[in-house]
Amino acid sequence: MINANDYGFLPENDCYKNSVALQKAVDSGGEIVVSLPGVYPLSEQIEIGDNTTLIFKEGVIVRRFFSRTGATGNAFINKGAKRSEYNKNIEIKGLHLECNLVESDDYGVDSRIVGLRAQVAFIYVENLKITDFRCHGLLEKDYAIQVSAFKNIYLENLFVTGDKDGVHLGWGSGFVIKNGRFCTFDDPIALNAFDYSTSNTHVGWIENGVIEDCCDIDDSTTTGFFCRILGGAWCKWQKGMKVQHSDTVAINGRTYRAVLNPKEPKLYTSLTPPTHESGIKEYDGISWVVVRDTEEFNCGCRNITIKNCKLQKKRSNAIAISLNYDNYARSYYEGCEAVPQSNITLENISVENEVETLLHSTYPTESVVLRNIDFKNSKLCFEKEKNAKGLIYPEVNIIMENVVIKKENISLYNKK
């Protein structure tokens, strides 16, 4: 074990000197501890490699500042993220992060990975553990924790406040989010297999996960959902196809996404197939970014359990299985086959405020389990997205065990 304080990571040092010192300590790998209590200024991105455990002792606070050397990126990231190479066995324990009005300079379009926008980001990671994590002061763009292209992650004892998502997951398998307290304007937990092209680094299935003992803390204002579940379906690239922001295509053994300006809604005609192997490149006025090195045609969430969670915030919808269909993204391209979301389990959910709809689904969903829940005045609603022409919705199989809900509060595909 080494102590980062011995490398010059100290409260009295300036933000750049501290960044250099902490990076040098982290480069050693193994177990690194920060033991001296105090507020540590930090300006540069800290990159973490394989087999590294970073421990912040009680009383240690990391306060962000804008980069002194270039574009401001993430506070912490894994070394292989930019190279699309997996890092293994990374642990961060006890990180108390103050955003201090700092977030990344862009959405990754110009300087980083497109869709990467978080204080703590891990892209291409296996066996990640983050515990005893505090993050306060999120602004309206960056998430607290963003993880994608993952295999087995464990997040426990989290406390996140601010404007953006607390935990934002993309493509991956095997996750636990446990004992989290969230007071965020946007989604506390987002399982976004699809999402906007500038909000997700990948598209792909999110599978085999548990959200447990988490709390949606009450606040005066909010948007989004306690937990958002997103899927998508798209097609093979076709000459002459009409494309908007975040549209997705598969061609030449890769999957690409369009990066356009959603504030200027416009359909572009794609005449030239994207062929570049990585990054972002423009064809016919359309910027395409590579998001997978395989041809994928759908994504979503399956085998997900949400249990022992408290809904203390007033919301229109608490848990949403959503289909995006606006200027920012349409997660269904007409004529495609959407694979339903499946095996979504809600168990021991406590409704402690006015929640109009506890579970609201607009994406094809085929199997849901509800167990030990008193809906109170909340609704259970499955409805079709009217704008998604040709989208087939299967009959949903709902298993209820020890559930209290009013008959009039059940709406299945626009029929009561």
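Criteria and cut-off values
- All residue numbers refer to position in the chain's written sequence, counted from 1.
- It should be noted that, the model being predicted, local features are given only for residues of pLDDT at least 70 and side-chain atom pairs only at 80 or more, the latter also being counted only at that level, while totals for whole chains, interfaces and linings use all residues.
- Based on all heavy atoms of the structure, the side-chain values leave hydrogens and waters out of the count.
- Secondary structure elements are defined from DSSP: runs of H or I of at least 4 residues count as helices, runs of E of at least 2 residues count as strands, and each element is numbered from the N terminus.
- We compute the radius of gyration from the C-alpha atoms alone; for a globule the expected value is 2.2 Å times N to the 0.38, where N is the number of residues.
- Each residue gets one of three labels from its accessible area relative to the maximum for its type: buried under 20%, exposed over 50%, partly exposed in between, using a 1.4 Å probe on protein chains only.
- Contacts were defined at the residue level, with two residues in contact if any of their heavy atoms lie within 4.5 Å.
- In these tables, accessible area is a Shrake-Rupley quantity obtained with a 1.4 Å probe, and a residue counts as shielded only by the protein chains included in the view.
- To form a nonpolar core, buried Ala, Val, Leu, Ile, Met, Phe, Trp, Tyr and Cys residues must be joined to one another through side-chain atoms within 4.5 Å.
- Positive charge is attributed to Lys and Arg, negative charge to Asp and Glu, and no charge count is given to His or to the chain ends.
- A side-chain nitrogen of Lys or Arg and a carboxyl oxygen of Asp or Glu constitute a salt bridge if their distance falls within 4 Å.
- Counted as a polar contact is a pair of N or O atoms within 3.5 Å, where, for protein atoms, one must be capable of donating a hydrogen and the other of accepting one, and residues adjacent in sequence contribute only when both atoms are in side chains.
- Pairing between two strands requires that DSSP report at least two bridges joining them.
- Cysteine sulfur pairs qualify as disulfides if the two atoms are within 2.5 Å.
- Ring geometry is summarised as follows: Phe, Tyr and Trp rings, the Trp one being its six-membered ring, pair when their centres sit within 6.5 Å, and such pairs are stacked at plane angles under 30 degrees, edge-to-face over 60 and tilted between the two.
- Either the NZ atom of lysine or the CZ atom of arginine qualifies as a charge over a ring when it sits within 6 Å of the ring centre and within 35 degrees of the ring normal.

**Q** Describe the overall build of the protein, naming the residues involved and giving the relevant values.
**A** Counting its secondary structure elements, the protein contains 1 helix and 36 strands. Compactness check: the protein gives a C-alpha radius of gyration of 21 Å against a globular reference of 22 Å for 416 residues, within 12% of the reference. For the protein, with 416 residues in total, the buried portion stands at 58%. Contacts in the protein between residues far apart in sequence, at least 24 positions, make up 70% of those at least 6 positions apart. Entry remark: accessible area of the protein is about 16,600 Å², with carbon and sulfur atoms responsible for 45%.

**Q** Residue-level account of the nonpolar core, with values.
**A** For soluble globular proteins, nonpolar side chains are generally found buried alongside one another. In this structure, Phe76 and Leu191 are the most contacted members of the largest nonpolar core, which totals 109 residues. Every residue in contact with Leu191, bar those within four places of it in the chain, is listed here: Leu169, Phe175, Ile206, Ile211, Cys227, Arg228, Ile229, Leu230, Cys301 and Ile304.

**Q** Now, about unusual backbone geometry: what can you tell me, with residues and values included?
**A** Glycine aside, the phi torsion of most residues is negative, and most peptide linkages are trans. With a phi angle near 50°, Asn51 is a residue other than glycine that sits in the positive phi range. In this fold, Asn51 is placed in the loop between strand S4 (46–48) and strand S5 (52–56).

**Q** Account for the side chain of Asp165, with residues named and values stated.
**A** Within the secondary structure, Asp165 is located in the loop between strand S11 (143–162) and strand S12 (167–169). Despite its burial, Asp165 pairs with no opposite charge; the closest candidate is Lys164, at 4.7 Å N-O. Within the local environment of Asp165, its side chain forms a polar contact with the backbone nitrogen of Asp187, the two atoms lying 3.4 Å apart. Those residues in contact with Asp165 that sit more than four places away from it in its chain are Leu138, Tyr143, Ala144, Asp186, Asp187, Pro188 and Ala190.

**Q** Can you tell me about the pairing of strand S27 (residues 301–307), naming the residues and giving the values?
**A** Strand direction decides the pairing type here: strand S15 (residues 206–212) and S27, joined by 6 bridges, are parallel. Along S27, the bridge assignment pairs Gly209 with Ile304. Looking at chain direction, S27 and strand S30 (residues 342–347) are connected through 5 bridges and run parallel. Across the sheet, Lys307 pairs through a bridge with Glu347, a residue of S30.

**Q** Account for the state of the cysteines, with residues named and values stated.
**A** A complete count under the given rule lists 0 disulfides for this structure. With no disulfide of its own, Cys235 has Cys336 as its nearest cysteine by sulfur position, at a separation of 4.4 Å.

**Q** Explain the packing of aromatic side chains to me, using residue names and the numbers behind them.
**A** With the rule as written, the count across this model stands at 6 aromatic pairs. Aromatic pair Phe9 and Tyr40: ring centres 4.5 Å apart, planes at 25°, arrangement stacked. On the criterion of sequence distance, the pair formed by Phe9 in the loop between strand S1 (2–3) and helix H1 (15–26) and Tyr40 in strand S3 (residues 38–42) is long-range, its members being 31 residues apart. Across the pair, exposure class does not vary: Phe9 and Tyr40 are buried alike. Ring plane angle 80° and centroid distance 6.3 Å describe the contact between Phe56 and Phe76, whose orientation is recorded as edge-to-face. Residue Phe56 is located in strand S5, and its partner Phe76 is located in strand S7 (residues 76–78); the two are separated by 20 residues in the primary sequence. The same class applies to Phe56 as to Phe76, namely buried. Arg257 extends its terminal NZ or CZ atom over the ring of Phe194, reaching a point 4.4 Å from the ring centre.

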